[in-house]
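# Coordinate analysis (summary)
Below are the chains, spelled out letter by letter.
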Amino acid sequence: VHVNIGFGACRAKGIFAVGNLASGIFSIGLLSAGVFSVGILSAGLFFALGTVAVGLISVGSLAIGCIAFGAITLGIFCMGALNFGEFCVGALSYGKQIAIGDEAHGRIAIGFSHAVGEIYEEVSKSHEFDYPVIERIIDENISSGWFPFREWMKGIIRGMSSGAK
């Protein structure tokens, strides 16, 4: 275990690393890198939390990862205010496969104010979506290779449909 707290370019390395520049399995710092990482600028092999976060699962103001949550997100599955990816949920969503949000753009787009979809688009201010039709369209048009993400999106849409009634 190496803990280095101080100013300057002091590097902290180890299983648990805490410092300005931290690298380890569990790292916390201004600039941190590790398997599980927390910091202002954070790079985590598995999980990253920070103002700018990059990792398999990332959470931050700017989050880039396979699964990303935050204000501005880039990834396969994204949730946040401004999303760019394959499957997106949020205020302004640009999802290549499925987009859900106030303004949604994607192959399948479900919007509350505006939706632009190549295959299917639906706008509903009351959040009452035609779930059976959307589910059929998702099953017909989204590859089974996207299995977990496709099922998550169907679950989100199912929850929105049943929650409105």
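Residues numbered from 1 in each chain as written. Predicted model: local features only at pLDDT ≥ 70, side-chain atom pairs only at ≥ 80, totals over all residues. Heavy atoms only, no water.

The subject of this paragraph is the overall build of the protein. Across its full length, the protein carries two helices and two strands. Along its sequence from the N terminus, the protein presents helices and strands in the succession β-β-α-α. Overall size of the protein, expressed as C-alpha extent along the three principal axes, is 55 × 30 × 25 Å. Within the protein, contacts between residues at least 6 apart in sequence are counted, and of these 12% link residues at least 24 apart. In the form shown here, the protein has an accessible surface area of approximately 8100 Å², with 68% of it arising from carbon and sulfur atoms. If you average the places of the 10 positive and of the 12 negative side-chain charges in the protein, the two averages end up 10 Å apart. (Helix = DSSP H or I, 4+ residues; strand = E, 2+ residues; numbered from the N terminus. Contact = heavy atoms within 4.5 Å. Areas by Shrake-Rupley, 256 points an atom, 1.4 Å probe, with all protein chains shown as cover. Lys, Arg positive; Asp, Glu negative; His and termini not counted. Charge placed at Lys NZ, Arg CZ, Asp CG, Glu CD.)

A few words on a nonpolar patch on the surface. Together, I15, F16, I25, F26, F36, F46 and L56 give the surface a local cluster of nonpolar side chains, amounting to about 600 Å² of exposed area. Along the chain, the position of F16 falls in strand β2 (residues 11-123). (Patch = residues over 30% accessible without salt bridge, like charges linked within 9 Å, V, L, I, M, F, W, Y side chains within 5 Å. Salt bridge = Lys/Arg side-chain N within 4 Å of Asp/Glu carboxyl O.)

What follows deals with the packing of aromatic side chains. Going through the model one piece at a time under the given rule, you end up with eleven aromatic pairs. The interplanar angle of 10 degrees and the centroid separation of 5.1 Å between the aromatic rings of F16 and F26 together place this pair among those described as stacked. In this structure F26 comes out as partly exposed when scored by relative accessible area, which is 35%. Ring geometry for F112 versus F129: centroids 5.9 Å apart, planes at 50 degrees, classification tilted. One end of the pair, F112, is in strand β2; the other, F129, is in the loop between β2 and α1 (131-141), with 17 residues separating them in the sequence. Each member of the pair, F112 as well as F129, is classed as buried. What links up through ring pairs into an aromatic cluster is the set F77, F87, W146, F149 and W152. (Phe/Tyr/Trp six-rings, centres within 6.5 Å; stacked < 30°, edge-to-face > 60°. Buried < 20%, exposed > 50% of the residue type's maximum accessible area, 1.4 Å probe, protein only.)

Right, let's get into the side chain of Q97. Mapped onto the elements of the fold, Q97 is located in strand β2. Aside from chain neighbours lying at most four places away, what touches Q97 is E86, F87, G106, R107, I108, I142 and W146.

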